[in-house]
Amino acid sequence: MSDLDTLYNTLSDCVIEISHVIRKFNPISLGSTIGSENSSGEQVKKLDLLCNNLLIEKLSQLSCVKCIASEEEEELIKVNENGKYLVSFDPLDGSSNIDCNITVGTIFCVFEYNNGTLINGSNIVMSGYSLYGGSTQLTVCKNKVTTMYNLNPENNTWNTICDNYQMKEYSNIYSLNESNKYIYDDNINKYIDSLIDKGYTARWVGSLVADFHRTLLKSGILIYPGNNKNKEGKIRLVYEAYPLAYIIHNSNGMSSNGEQNMLSIPFPHDNIHKRTPIFYGSNFEMNAYENKRWYLK
């Protein structure tokens, strides 16, 4: 078994364990805060901590792992100096929704060091995310092939939903938080107005994994831009933006921070929690935005 397969098995086993915890215990209790903030300045929930500790414990046992980066940890965790991978993760994306029983998930990314360093998203060899919703699903892009799985909880096995998944070229759905429209750049609002004029409909959950998964399946565009209050955006590059970009680029879609391909952004060695605006979508909608074609044909 390859090191990458071992990593996949470890991560997928963690997803199964987290899924069982979510389905077994009181969501209101799991969604309560523990009175502290994480590295991103967000209140830490009980389930955040449980998921974070589980992933660190399991990944730290693998000799192929050199370092671990988590949303919940201030600094990189050094595991094995001779390891060849950095594994980053958001242990529970959308955790503010856990008490409401809205879909949350785990996002992860595996970077392979090149001569001891990381350049950008080109170092990614695997990324994925889980959805703890009506069923537990796992989407993984390994060696540039995207596969989707559904968990059978009776025997803890993964059933393949789709292999080598590819997005449609366009859709009629857009997704962003329109309550922030008055602090968005005018170009964002012009673009959204043009979509509405063409009959596009809005869909917004407010949980990144849920909104991304819908965009991946149904196509269209998901936007979480910077604004007048948060110029750099709010999504973390290393353990949220990079992994989702790797998936969508290898699934016939596109990503951007509004100015460049997400995967070409230099790895932030000096700030592992660097934030970025995000634009993910199918080719038609993304090209329309990037080429400033406000009135879509």
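Structure: above.
Not measured: the values here are computed from a predicted model. (Residues numbered from 1 in each chain as written. Predicted model: local features only at pLDDT ≥ 70, side-chain atom pairs only at ≥ 80, totals over all residues. Heavy atoms only, no water.)

When helices and strands are tallied, the chain shows 7 helices and 17 strands. Over its C-alpha atoms, taken along the principal directions, the chain stretches across nearly 55 × 45 × 40 Å. Each of the 297 residues in the chain was classed as buried or not, and the buried ones make up 55%. Sequence-distant contacts, at least 24 apart, represent 62% of the contacts inside the chain between residues at least 6 apart. Counting every atom, the chain has about 13,200 Å² of accessible surface; 45% of that belongs to carbon and sulfur. Charge separation in the chain, taken as the distance between the mean sites of 26 positive and 33 negative side-chain charges, equals 5 Å. (Helix = DSSP H or I, 4+ residues; strand = E, 2+ residues; numbered from the N terminus. Buried < 20%, exposed > 50% of the residue type's maximum accessible area, 1.4 Å probe, protein only. Contact = heavy atoms within 4.5 Å. Areas by Shrake-Rupley, 256 points an atom, 1.4 Å probe, with all protein chains shown as cover. Lys, Arg positive; Asp, Glu negative; His and termini not counted. Charge placed at Lys NZ, Arg CZ, Asp CG, Glu CD.)

What follows covers the nonpolar core. Within the largest apolar cluster, 38 residues are counted, with the highest numbers of intra-cluster contacts made by Phe111, Tyr129, Phe212, Leu216 and Tyr280. Those elements that provide at least two residues to this core are strand E3 (65-70), strand E6 (105-112), strand E7 (124-132), helix H5 (208-218), helix H6 (237-249) and strand E17 (278-282). Among residues more than four places away in sequence, those in contact with Phe212 are Tyr129, Leu222, Leu244, Ile247, Ile248 and Tyr280. Ranked by size, the runner-up nonpolar core spans 36 residues in total, among them Ile22, Leu47, Cys51 and Val140. (Core = buried A, V, L, I, M, F, W, Y, C linked by side-chain atoms within 4.5 Å.)

Take the pairing of E6 next. With 7 of 8 residues buried, E6 is to be regarded as a mostly interior element. The pairing of strand E5 (residues 85-93) with E6 spans 7 bridges and is classified as antiparallel. Note on E6: the bridge partner recorded for Asp93 is Gly105. (Pairing = 2+ DSSP bridges.)

For the pair helix H1 (residues 3-24) and helix H3 (residues 46-59), the least separation of the axes is 10 Å and the interaxial angle reads 155 degrees. As judged from the angle between their axes, H1 and H3 are roughly antiparallel. Classified by chirality, the crossing of H3 by H1 is right-handed. When H1 is examined against H3, the residues Leu7, Thr10, Leu11, Cys14, Glu17, Ile18, Val21 and Ile22 are found in contact with a partner set consisting of Leu47, Leu50, Cys51, Leu54, Leu55, Lys58 and Leu59. Its residues assigned to classes, the contact of H1 with H3 comprises 12 nonpolar, 1 polar and 2 charged. (Axes fitted to C-alpha atoms, helices over the stretch in contact; angles between N-to-C directions. Parallel < 35°, antiparallel > 145°, perpendicular 65-115°, else oblique. Left-handed = near helix turned anticlockwise from the far one by under 90°. Nonpolar A, V, L, I, M, F, W, Y, C, P; charged D, E, K, R; others polar.)

The first and last C-alpha atoms of helix H4 (residues 186-197) sit 16 Å apart over 12 residues, in line with the 16 Å expected at 1.5 Å per residue. Every buried residue of H4 is listed here: Ile188, Asn189, Tyr191, Ile192, Ser194 and Leu195. Buried residues belonging to H4 abut strand E11 (173-175), strand E13 (221-224), E17 and helix H7 (283-290). Where H4 begins, one side-chain oxygen reaches toward the backbone nitrogen of Asn187, 2.7 Å away; that side chain belongs to Asp185. Among the residues trailing H4, Gly199 stands out with phi positive, at a value near 90 degrees. (Expected span 1.5 Å × (residues − 1). Polar contact = N/O pair within 3.5 Å; in protein donor to acceptor, adjacent residues only side chain to side chain.)

A few words on the side chain of Arg236. As for its position among the elements, Arg236 is in strand E14 (residues 235-236). Take Arg236: its relative accessible area is 4%, and that puts it in the buried class.

As a further point, take the packing of H5 against H6. Interaxial distance between H5 and H6 falls to 12 Å at its minimum, and their mutual angle equals 15 degrees. By the angle between their directions, the pair H5 and H6 is classed as roughly parallel. Between H5 and H6 lies a crossing of right-handed hand. Residues Leu208, Phe212 and Leu216 of H5 form the contact with H6, whose own contacting residues are Glu240, Leu244, Ile247 and Ile248.

What follows deals with the pairing of strand E15 (residues 253-256). Of the two faces of E15, the one carrying Gly253 and Ser255 and the one carrying Met254 and Ser256 are both buried. With 4 bridges connecting them, E15 and E17 associate as antiparallel partners. Within the sheet, the bridge partner assigned to Ser255 lies in E17 and is Tyr280.

Non-glycine residue Asn156 carries a positive phi angle of around 55 degrees. Position of Asn156 among the secondary structure elements: in the loop between strand E9 (145-152) and strand E10 (157-163). With a relative accessible area of 36%, Asn156 lands in the partly exposed category. Phi at Ser219 is positive, roughly 70 degrees, even though this residue is not glycine. Here Ser219 shows up in the loop between H5 and E13. Exposure remark for Ser219: the relative accessible area of 1% places this residue in the buried category.

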